[in-house]
Amino acid sequence: MKIVEAAASYFSYLLSEKGDAVKTVENYKEDLLVFLKATPGLEDASELTPNVIGDYVYRLHEGGYAPASIRRKLSFFRHFLVYLKREGLVEETLPPSYKGPKLPKRLPTSLTKKEVEDLLAQPDVDRENGLRDKAMLETMYGSGLRVSELVGLTFSNLDLPSLEIRLVGKGSKERIVPCSELAARYLREYINGPRARNPGHRDPHLFLNRNGKPLTRNYFFLAVRDYAKKAGIEKEVSPHVLRHSFATHLLESGASLRMVQAILGHGKISTTEIYTEVGEERLTGAYDRYMKRK
């Protein structure tokens, strides 16, 4: 069977049986057209071997195609060959170990220090929910917490006199992270004010909604996004962006990678290294110097 005939059958299968989006199938058609133009003389479906696809991928790489684009095209051929083998048109499929070019690590968005200040200034601390949100934002940025760690905080995690937060992170590993003086200040105001008056004040969770229930990750995602818009920040801002900004700014202030790794709770130093190319030189008191915010 001709490749174009086999492809027409495959595309029909994707639309009618798998329910793939029309736009997705159109992209696949374009990928196949580019392949056929780049591989003249190839007509029969039985000629679509892993070696032919591998040579094509290599030529794409040499031609300067972006790794993400190559991997998308490779994904099409991987599934196409599985379909063709099931129909008895080819004998081999791409081996699972064949993954194509490695994608470069993409750094998450980072805010400037001014953008962080503008973001953290948005909650109205004269309102009970605003004071709570202010305490949450300051705590997340001041300690580099994951959003799950933030909304899961309980009173037992806090040691405000020592400016420390005790956490159990991934893999049940316990770590102690510093708490900035500013975060501790707003935590005390929240705990002694709105939190004490909350109908769920006996709940061990620190951050509660107006009905006395623990706040969710989704709430905080939406809150961060809304405060960023109010601050006039055009970037896509999420809790992870705030965590990344904390790490980046701390490294810029002279902290070592090992120090930031310990605070963030990364199991491998390589995970921390994606944040910056700042060297390993540590300047004493980097955290204290940077977190002296009013």
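Residues numbered from 1 in each chain as written. Predicted model: local features only at pLDDT ≥ 70, side-chain atom pairs only at ≥ 80, totals over all residues. Heavy atoms only, no water.

1. Things to note about the overall build of the protein chain
- A tally of regular secondary structure across the protein chain gives 14 helices and 3 strands.
- Of all 294 residues assigned to the protein chain, the portion counted as buried reaches 45%.
- Taking the contacts inside the protein chain whose residues are at least 6 apart along the sequence as the reference set, 59% of them involve residues at least 24 apart.
- Per element, the accessible surface of the protein chain, about 16000 Å² overall, is 50% carbon and sulfur. (Helix = DSSP H or I, 4+ residues; strand = E, 2+ residues; numbered from the N terminus. Buried < 20%, exposed > 50% of the residue type's maximum accessible area, 1.4 Å probe, protein only. Contact = heavy atoms within 4.5 Å. Areas by Shrake-Rupley, 256 points an atom, 1.4 Å probe, with all protein chains shown as cover.)

2. Some words on the nonpolar core
- By size, the foremost hydrophobic cluster in this structure holds 52 residues, and its most contacted members are Leu119 and Phe207.
- Elements with a minimum of two residues in this core: helix H5 (113-120), helix H6 (128-143), helix H7 (147-151), strand E2 (164-168), helix H8 (181-192), helix H10 (217-230), helix H11 (239-252) and helix H12 (257-264).
- In terms of residues, this core owes the most to one element, H8, which gives 7 residues.
- When residues no more than four places from it in sequence are discounted, the contact partners of Leu119 are Leu111, Leu137, Val224, Tyr227, Ala228, Ala231, Ile233, Val237 and Leu242.
- In this structure, Tyr10, Tyr28, Val57 and Phe76 belong to the second largest nonpolar core, which totals 28 residues. (Core = buried A, V, L, I, M, F, W, Y, C linked by side-chain atoms within 4.5 Å.)

3. Section: the side chain of Asn157
- Looking at the element boundaries, Asn157 is found in the loop between H7 and strand E1 (158-159).
- Only 2.7 Å separates the side chain of Asn157 from the backbone nitrogen of Thr154, close enough to count as a polar contact.
- Ignoring any residue separated from it by four or fewer positions in sequence, one finds Asn157 in contact with Gly152, Glu164, Ile165 and Arg166. (Polar contact = N/O pair within 3.5 Å; in protein donor to acceptor, adjacent residues only side chain to side chain.)

4. Comments concerning the pairing of E2
- Taking every second residue as pointing to the same face, the buried face of E2 carries Ile165 and Leu167, while none of Glu164, Arg166 and Val168 on the other face is buried.
- Alignment of E1 against E2, held across 2 bridges, turns out to be antiparallel. Bridge pairing in E2 places Asp159 opposite Glu164.
- Looking at chain direction, E2 and strand E3 (residues 174-178) are connected through 5 bridges and run antiparallel. The partner of Ile165 across the bridge, within E3, is Val177. (Pairing = 2+ DSSP bridges.)

5. Looking at the sheet that holds E1
- One open sheet holds the 3 strands; their spatial order is E1-E2-E3, and the pairing between them is antiparallel. Among the strands making up the open sheet, the edge pair consists of E1 and E3.

6. What about the pattern of salt bridges?
- On inspection of all chains with the given rule, the structure shows 14 salt bridges.
- The partner of Lys2 in a salt bridge is Glu43, with the nearest N and O atoms 3.2 Å apart. Of this pair, Lys2 sits in the segment before helix H1 (3-18) while Glu43 is found in the loop between helix H2 (22-38) and helix H3 (50-62), placing the two residues 41 residues apart along the sequence.
- Look at the salt bridges and you will find they share partners, linking Asp31, Arg72 and Lys73 into a network. (Salt bridge = Lys/Arg side-chain N within 4 Å of Asp/Glu carboxyl O.)

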